[in-house]
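# Architecture and fold: a report
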Amino acid sequence: MTQVEDAVATPAPADQRNPGARPGGGSRRGLIGRVNAAVAGLPVVFTDAAVVSFAIWTLLYHLNLGLNLRPSVIFLVWVVLQPVAAYVAWRLRRRDVSPPSSDDETVTAPAEAPADRASLLRRYAVPVAAAVGAAVFAAFGKGSLSWWLAAVLGLVSVVSAWLVLSRAGRPTGAVTAEPVRATTPLQGYVVLVVALAAAYFGTLLNRVSLDDVFYVGKSVWVAERDTIPFKDFLFTEGVLPGGSANPPLPSFEVFVGALARALHVHAASVLWYLLLPVLAVFAVLALWRLAQRWAPRRPLVVFLVAAAYILLVAYYADALNTYHLPRLSQGKSVFLHALIPLAWVYLTDYLEHRSRRALVLLTLLSVAGVGYTTTAVFLLPLLAGAAGVALLAARRVREAVVCFLAASAYPLLSGVLVQVLRGGVEEAAATYAPLLPLRTIYELTLWLGLLGLIGGLAVWLSPLLLRRGVPQQLAVGAALAVTVLMVPGVLKLGGDLSGLTAVLWRVPWILPVPALVGLLAVIRLPGPARANGVLAVVLPLLLVFAFYTEGKPMWYGGKAVETSPTWRMPPNRKAASFWIKKLDRPAGLVLAPSSVMRSLPQVTTEVRVVLPRDLYLTDYGPQTQFATDRLLLATFADGQTVTPDGQPVSIPDVAAAMDRVGVGMVCAWKGNPAVAAAAPALGLEEFASRKAPGAMVCYRVGAPGAVTGGS
């Protein structure tokens, strides 16, 4: 049987590469044909190359954990290896597209015989009704009973859909049931335009993420010092142990710093001006590849509706789509919106075509995933396990084992390594962050209300919506796994056994939700062709209208979009931070407004601040003198008169805390009268000031114990 591959997998005959070309056509037409073929093949080439390239970097980085070479050296080796990787990929592709042998075991699932409405109703009434009920209870329910009903009905929907499809002869043991058309030039151009638009728009977004103080700060450290900060680099110069946010496995921040050092450009500029657009293209092309692989019809419609969903339903800080353009400069966001869709693509390709290339890419993706985020340590095995359950049910034991090992071996070994070296993947985090309520977990991934209803239907109807064969198998496994884990008590048990309580709310990330939502736009009902023609137009429009009216877009709230590419940092904070860096500062830590102390580590490692971010104090004991002193000082610098625990700010206490912490300079906004009023009592001497933007005054700390009284 002829295998179906991507647009560039199997070269077309010369007379088929450009259907409009005639023999002996001009060079212009031949050039247009080559450009069209390149655009059509771009999604495959770009995404696969990105996976391979970053996997090589991550392998080098992990090897360097024992060698302890400078990041600049590892970066140079990585650059040298890129041509080698390209050659190996080319050879692998050549081998993978060879014609199948005559004894190929690949079979095609038998086509389903036409059925009347009565038989269709008997067959699909239970899975559809259960899916609708589950989505309604999950999206609109209030109490624990409604959540139990949602979980039970979700299980009924998935299991009954599996039984229906099995009886219909669809997913059981079949490698594929419907051919997948290659990306056409027209589709390629549309996808490319969307990708480039996302790349440019991403540079205009000015949404601040509190996590950037760590991620960008780590890259700045690597760029400026050419070392990897395995210990604390925010509060101290590597004196304290690394907190829960700084496990040794992720390599992304080190790559950003090494690239910035090689280019002699600030790490934040490299991240937000150079890498962010590239990562946006990567994520958009990954979404297209999944839509093209899974959609039973009109993949471009599925892709565009999914893109609209990502754009228009993405406001809240930890919501699924907020991890797209607003936070795509963080490794976990790349993992979620690029690697998760590609993992399903590679699984589909391997299971449908026995593609060795897809299996190798799946293995390399697992390596790259660990390099992007420690979340991959448990999410990739969960994703592979979900696929394996469906394969085992279809009696495809060998494929289940091979796929699980390819996707999980490296993450699991990495997790064991972290367990041995650190006592847990995120042990410290698990001690202070309890498991989120199940309804909150659902809201962060699938939302509530009408949007939650749409998200629930997309998940629980996915086994019936996807292209027949392997995609349906994988949808059954993914939906079943997430539904079982969302049964009350199951995630809590998993958190107690694994110590991953703080991050288990990310379990639904294994679902490619935007693509599944997009698939709702191509539902086709039994009935007249004219009615389905109307539905084909109305459904996408209704979905996008719901996203627009019920959701909040990426740019919602405040001035979130600039007129030109920008750092993810308000101009006044950026200006004030660079100004403080250039000052002739006295020795000691800098005490400044909390927003500025979060910005300074993203600007330079030369300035040490009192409190980069209060969340990270938890790793060192929230009730210790180390933590309480810094919280008190930050409260004072912010101009507040009451501490977080409700106690009035005492100037003598502030002075004592400054002595213990080792504050050498205090800076405050000019609009903050509290610091200016307390300056004489604290022995502060003004030595620098600046005008707007970022109007600020800085004081030099006098001799210890200069307090004259007052409170």
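First, a word on scope: everything that follows refers to the structure included in this document. (Residues numbered from 1 in each chain as written. Predicted model: local features only at pLDDT ≥ 70, side-chain atom pairs only at ≥ 80, totals over all residues. Heavy atoms only, no water.)

## Here's the deal with the pattern of salt bridges
Counting across every chain of the model gives 16 salt bridges. Between K332 and D211 there is a salt bridge; the shortest N-O distance is 3.5 Å. With a gap of 121 residues between them, K332 in helix α10 (residues 331-353) and D211 in the loop between α5 (185-204) and α6 (212-225) connect regions that are remote in the sequence. Judged by relative accessible area, which is 18%, D211 ranks as buried. Because the salt bridges share partners, they merge into one network encompassing D211, D318, R327, K332 and R613. (Salt bridge = Lys/Arg side-chain N within 4 Å of Asp/Glu carboxyl O. Helix = DSSP H or I, 4+ residues; strand = E, 2+ residues; numbered from the N terminus. Buried < 20%, exposed > 50% of the residue type's maximum accessible area, 1.4 Å probe, protein only.)

## Description of the state of the cysteines
All told, the structure shown has 1 disulfide when counted by the stated rule. Disulfide pairing is shown between C667 and C698; the S-S distance is 2.1 Å. Negative torsions about the S-S bond denote left-handed disulfides, and the value of about 110 degrees found for C667 with C698 makes this one right-handed. Of this pair, C667 sits in strand β2 (residues 663-669) while C698 is found in strand β4 (residues 696-701), placing the two residues 31 residues apart along the sequence. With relative accessibility at 0%, the residue C667 sits in the buried group. Residue class for C698 comes out buried when judged on its relative accessible area of 0%. (Disulfide = S-S within 2.5 Å.)

## Considerations on the environment of E562
Take E562: it is sitting in the loop between α21 (529-550) and α22 (571-582). A relative accessible area of 16% means that E562 is categorised as buried. Residues E562 and N206, 356 residues apart in the sequence, show an inter-C-alpha distance of 6.7 Å. A polar contact of 3.0 Å, which involves the side chain of E562, links it to the side chain of N206. (Polar contact = N/O pair within 3.5 Å; in protein donor to acceptor, adjacent residues only side chain to side chain.)

## Looking at the environment of W505
If you trace the backbone, W505 turns up in the loop between α19 (490-498) and α20 (513-519). Sequence separation of W505 and L444 is 61 residues, and the distance between their C-alpha atoms is 8.4 Å.

## Looking at empty space enclosed by the protein
Under the counting rule described, the total for this entry stands at 8 cavities of 30 Å³ or more. The volume enclosed by the largest cavity comes to roughly 130 Å³. Surrounding the largest cavity, 14 residues form its lining, Y442, L446, W460, V482 and M486 being those nearest its centre. Of all the elements, helix α15 (residues 438-446) adds the most residues to the lining of the largest cavity, at 4 residues. Counted by class, the lining of the largest cavity contains 12 nonpolar, 2 polar and no charged residues. (1 Å grid on protein atoms, 1.4 Å probe; cavity = no way out; pocket = protein on both sides within 12 Å on 5 of 7 lines; lining within 4 Å. Points joined across faces, edges and corners; volume = space filled by probe spheres on them. Nonpolar A, V, L, I, M, F, W, Y, C, P; charged D, E, K, R; others polar.)

## Observations regarding the sheet that holds β4
Within a sheet, each strand pairs with its neighbour through backbone hydrogen bonds, oriented either parallel or antiparallel. The strand order β1-β2-β4-β3 describes an open sheet built from 4 strands, whose pairing is mixed. In the strand order of this sheet, the two ends are held by β1 (589-591) and β3 (684-690), each with one partner. Averaged over neighbouring strand pairs, the angle between their axes works out to 25 degrees when direction is ignored. With respect to the sheet, α22 is in contact with β2, β3 and β4, its orientation differing from that of β3 by roughly 120 degrees. Relative to the sheet, helix α25 (residues 651-661) contacts β1, β2, β3 and β4, its axis offset from that of β2 by approximately 130 degrees. (Pairing = 2+ DSSP bridges. Axes fitted to C-alpha atoms, helices over the stretch in contact; angles between N-to-C directions. Contact = heavy atoms within 4.5 Å.)

## Some details on the pairing of β2
Burial analysis of β2 places 6 of its 7 residues in the buried class, which makes it a mostly covered element. Relative to β2, β1 runs parallel, the two sharing 3 bridges. The residue of β2 that forms the bridge with V590 is M665.

## As for the side chain of T445
Relative to the elements of secondary structure, T445 occurs in helix α15. Look at T445 and you get buried, because its relative accessible area is 0%.

## Notes on a nonpolar patch on the surface
The grouping of V126, L145, W148, L149, V152 and V156 at the surface amounts to a nonpolar patch, some 520 Å² of accessible area in total. The greatest single-element share of the nonpolar patch, amounting to 5 residues, is contributed by helix α4 (residues 144-167). Overall, L149 belongs to the partly exposed group, its relative accessible area being 34%. (Patch = residues over 30% accessible without salt bridge, like charges linked within 9 Å, V, L, I, M, F, W, Y side chains within 5 Å. Areas by Shrake-Rupley, 256 points an atom, 1.4 Å probe, with all protein chains shown as cover.)

## Some details on α21
The end-to-end C-alpha separation of α21 is 31 Å, in line with the 32 Å expected for 22 residues at 1.5 Å each. Buried within α21 are the following residues: N532, L539, P540, L543, A546 and F547. Elements in contact with the buried residues of α21: α9 (299-312), α16 (449-460) and α20. (Expected span 1.5 Å × (residues − 1).)

## Here we look at the packing of aromatic side chains
Following the criterion strictly, the structure yields 30 aromatic pairs and no others. Aromatic pair W294 and W344: ring centres 5.8 Å apart, planes at 55 degrees, arrangement tilted. Of this pair, W294 sits in helix α8 (residues 267-294) while W344 is found in helix α10, placing the two residues 50 residues apart along the sequence. Measuring from centroid to centroid gives 6.4 Å for Y442 and W460, while their planes differ by 20 degrees, and the two rings are stacked. Linking Y442 in helix α15 with W460 in helix α16, this pair joins segments that are 18 residues apart in sequence. Among the residues examined, Y442 registers a relative accessible area of 4% and is labelled buried. Here the aromatic residues F54, W57, F75, W78, F252, F255 and Y372 are joined through ring pairs into a cluster of three or more. (Phe/Tyr/Trp six-rings, centres within 6.5 Å; stacked < 30°, edge-to-face > 60°.)

## A look at the side chain of T348
Tracing the chain through its elements places T348 in helix α10. T348 gets classed as buried once you look at its relative accessible area, which sits at 0%. Polar contacts involving the side chain of T348 include one to the main-chain carbonyl oxygen of W344, which spans 2.7 Å. With residues near it in sequence (within four places) discarded, T348 still touches R293, W294, R467, V470, P471 and L474.

## A look at unusual backbone geometry
The amide bond that connects A692 to the next residue, P693, takes the cis arrangement and shows omega of 0 degrees. For P693, the location among the structural elements is in the loop between β3 and β4. You will see that R298, though not glycine, has its phi angle at about 45 degrees, which is positive. With respect to the helices and strands, the residue R298 is situated in the loop between α8 and α9. We classify R298 as partly exposed; its relative accessible area is 29%. Phi at R395 is positive, roughly 65 degrees, even though this residue is not glycine. Position of R395 among the secondary structure elements: in the loop between α12 (376-393) and α13 (397-422). According to the relative accessible area criterion, R395 is exposed, its value standing at 66%.

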